[in-house]
Amino acid sequence: MTSVEETTDDNTAGSGPSGYAAARLRLLQEESRSGPSRRSALAALTDDWLKALFAQAVRETGVRGAALVAVGGYGRAELSPRSDLDLVLLHDGRAEPRALAALADRLWYPVWDLGLALDHSVRTPGEARKTAAEDLKVHLGLLDARPVAGDVGLLAGLRTSVLADWRNQAAKRLPQLHSLCLERAERAGELRFLLEPDLKEARGGLRDVTALRAVAASWLADAPREGLAEARRRLLDARDALHLVTGRATERLSLQEQTPVAARLGLLDADALLREVYEAARVVSYAGDVTWREVGRVLRARASRPRLRGLLGTRATVPERAPLAEGVVESDGEAVLALAARPDRDPVLPLRFGAAAAQAGLPVSLHAVRRLAAQAKPLPVPWPAEAREQLLTLLGAGEPTVAVWEALEAEGIITKLLPDWERVRCRPQRNPVHTWTVDRHLIETAVRASELTRRVGRPDLLLMAALLHDIGKGWPGDHSVAGETIARDVALRVGFDPQDVAVLGALVRHHLLLIDTATRRDLDDPATVKAVAEAVGSAGTLEILHALTEADALATGPAAWSTWRGSLVADLVARVAAVLRGAAPEVTELEIPTTEQERLAVEALRTREPVLALHARQEEDAVGVELVVAVPDQPGVLPAVAGVLALHRLTVRAADLRSLELPDRLGEVLVLRWRVAAEYGALPQAARLRTDLVRALDGSLDVPARLADREAAYPRRRGVLPPPPRVTVVPEVSSLATVLEVRAPDAMGLLHRIGRALESSGVRVRSAHVSTLGANAVDTVYVVDGDGKPLAPPAATALAKAVQAALA
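All values reported here derive from a predicted model rather than from experimental measurement.

Conventions adopted
Residues numbered from 1 in each chain as written. Predicted model: local features only at pLDDT ≥ 70, side-chain atom pairs only at ≥ 80, totals over all residues. Heavy atoms only, no water. Pairing = 2+ DSSP bridges. Helix = DSSP H or I, 4+ residues; strand = E, 2+ residues; numbered from the N terminus. Axes fitted to C-alpha atoms, helices over the stretch in contact; angles between N-to-C directions. Contact = heavy atoms within 4.5 Å. Expected span 1.5 Å × (residues − 1). Buried < 20%, exposed > 50% of the residue type's maximum accessible area, 1.4 Å probe, protein only. Salt bridge = Lys/Arg side-chain N within 4 Å of Asp/Glu carboxyl O. Phe/Tyr/Trp six-rings, centres within 6.5 Å; stacked < 30°, edge-to-face > 60°. Lys NZ or Arg CZ within 6 Å of the ring centre and 35° of its normal. Core = buried A, V, L, I, M, F, W, Y, C linked by side-chain atoms within 4.5 Å.

A.B. asks: Is there a simple way to explain the sheet that holds strand β6 (residues 328–331) in this structure?
C.D. replies: By way of backbone hydrogen bonds, the strands of a sheet pair with one another, either parallel or antiparallel. Strands sit in the order β5-β6-β7 across an open sheet of three strands; the sheet is antiparallel. Unpaired on one side and paired on the other, β5 (321–325) and β7 (334–337) mark the two borders of the sheet. If you compare each strand with its neighbour and ignore which way they point, the axes differ by 40° on average. Strands β5, β6 and β7 of the sheet are contacted by helix α13 (residues 349–360), whose axis makes an angle of about 160° with β7.

A.B. asks: What am I meant to see in helix α19 (residues 438–450) here?
C.D. replies: Side chains three or four residues apart in an α-helix point the same way, a direct result of the helix having 3.6 residues per turn. Between its first and last C-alpha atoms α19 spans 19 Å; for 13 residues at 1.5 Å apiece the expected length is 18 Å, and the two agree. Turning to α19, its buried residues are Val 438, Asp 439, Arg 440, His 441, Leu 442, Ile 443, Glu 444, Thr 445, Ala 446, Val 447, Ala 449 and Ser 450. Contacts from the buried residues of α19 go to α15 (385–395), α16 (400–410), α18 (421–424), α20 (459–468) and α25 (539–556).

A.B. asks: Even after reading the chapter, I still don't get the pairing of β7, so can you show me in this structure?
C.D. replies: Sheet faces and side chains relate simply in a regular strand, where the side chains alternate between the two faces. Every second residue of β7 is oriented toward a common face, with Glu 334 and Val 336 on one face and Ala 335 and Leu 337 on the other, all of them buried. Judged from the four bridges that link them, β6 and β7 form a sheet pairing that is antiparallel. Bridging from a neighbouring strand, Glu 330 pairs with Ala 335 of β7. Connecting β6 to the next strand, β7, in antiparallel fashion are two residues, including Asp 332 with a positive phi near 55°.

A.B. asks: How should the pattern of salt bridges be read in this particular structure?
C.D. replies: Opposite charge on two side chains lets them pair, provided their charged atoms get close. Counted by the stated rule, this structure contains 51 salt bridges. Overlapping salt bridges, with partners in common, bring together Glu 190, Arg 192, Arg 203, Asp 289, Glu 406, Arg 440 and Glu 444 in one network.

A.B. asks: Please explain the packing of aromatic side chains as it appears in this structure.
C.D. replies: The geometry of an aromatic ring pair comes down to the distance between the two centres and the angle between the two planes. All told, the structure shown has four aromatic pairs when counted by the stated rule. We note Arg 146 situated over the ring of Tyr 74; from NZ or CZ to the ring centre the distance is 5.2 Å.

A.B. asks: Just to check I follow, could you spell out the nonpolar core for this structure?
C.D. replies: Nonpolar side chains in soluble globular proteins tend to be buried together. Grouped together as the largest cluster of nonpolar side chains are 94 residues, with contacts concentrated most on Trp 405, Trp 421 and Met 464. Those residues in contact with Trp 421 that lie beyond four places of it in its chain are Trp 405, Glu 409, Ile 414, Thr 415, Asp 439, Leu 442, Ile 443, Leu 467 and Ile 471. By size, the runner-up hydrophobic cluster in this structure holds 51 residues, among which are Leu 645, Leu 750, Val 763 and Ala 768.

Structure representation (structure tokens):
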């Protein structure tokens, strides 16, 4: 088939396929025509073409009493460049079946011949009404039915019947529609939190807008209209641009398409596009939450009304209003303003209202929030103590905080209270480890922190730090550095005293310190613990930072926290706490080997071959194993072991390497302690690992070739190319070794390639620390020269460049 965009026939004046195709192509290529104007023009152009087709088909077949009807998106005149044509051929039932089939063929085949997608049916009004009663999706499509050609009266009667059925059956149909929306959201996810969102199917997308229109048509409830039309326009504009960029009828805004789609829409970059799409989806999602809650309330009231009439006669009932806080009451399952509330005289009321609702686990009334947004008096700066306490109460309420905060944010109350919030609102996070946008992540962190407040002496500082720890994202440079300045300003605005302001600034500045150090640094190096202690400064700050680290990781996503990571952070915190109490950092260079390490070392020297032991343990996050390998000191041990582990699909989480000199023995033994987890399936047997390790060391197993074959067998995911690997020297973190940090896309055998590069440079690896977050790996290695000393600065720089070149 020839697609419309590929047709270049000059016959544009006629009503034939080539004329329509050429006119359509010109319309889509008009730079000045976009948005609603182009969509309606495309629908009108298509209408004219189909009218001509219909008229010609009627003349040829002689069928009377028929009409061509647009439904769904085409019925709403929302034709994107690659949209389906949703058409119904209505007839009065008097035409001969053969003639009716011929009429349909003369309509459908020209559409198919142009490569346009077509959803079609042939029905009488009665059949259409019956099908709508049986199929909710058909019923929804007919709500937007619009005549294109033929007997308009056929559709007029059908529309009247379909709308009457929809309103009469609202008590049954709307719960079914809500269930469909929930199932779709579960399947497609939340649009405003997806890096590659489906503009139509995801929650907050175009399907939800259509559902809200259907609810309004029922006359049972209506969606909040402020901003909804603009949100719908933005989503449709993004879909139009996506269709034009890809040339396909796709709804998924994939990573590789985001930059050209942004350019076509005149936006700065892909982040600006995502933020605009997220903002639109937030409006739609919020409107859906409010609307479906109202639908539930009305349906419950209808269900209980007959029973109440029987009990109370005809007297009207007034919902009971239970007090929640000053100026705030509960009414009909919502937090609302008390009758005597005066937002214009009570500047703390918005925060008190939100805190009371969250503490009670109640949704907030849309009318109340809008009244607060319109009438509330600005808070003085610094805030009074009550305002600060109400903010902290809201943040500490747990899961209910999210819905209340988003309701306040949707009406602009949050940005009035905290102007710096505007920069993080709906801001995307490109790291796939992150589940949420920046603003939602901050609230989720506060929710997680609320569960940890019993662990700290200053829960108020923990909650405030949780809210502000990523507030610097969106500003140039390191977000922790920028965030410290912003956090200090916000803390002063909210009314914290100077000492607390300093602590909050330090918490934001160092909120990644514990997790980064624990997973990427050698905790047995005294310089590591000392540096953390100097940065933290006090035991009280360390206590809060520990809880903040856990809350931040838990709110990031499942890949950011585990039992293993928690144990590493706890170990670091214990060591730092000891230093802050005045104890000196432990020096572990002369650590006595364990009995098992000594036994394995003796066996390795006796056999002159690798000896290993596996210790499996079940953890909450994965099946973890500790692998101890003892090998007579020789070149190539690190890459050999790392390569064998990769071949057996074992993910390396941490590695520690040290040489042992045993008394009365000749030679040294290299002892490697690995912390690994199986990617999937059962753990490999120790004997198989040992066999492959022996072969890798003697050269009979070509590890690089095997890894290359396995990597080639993996399907490559479409998407933007990741940034190239980067290797840097990390200064002043160890007095015992030179520290290299390798940041690279996570790939099979990465540590093996790093080990080969280090071996070829003639350095020895003292320890390695591996951290994998989503598609990115951050591996830190401590290396020394042949004499066991740190490298000179020029040599360290040269080594970093060599490793980076080897990984490129």
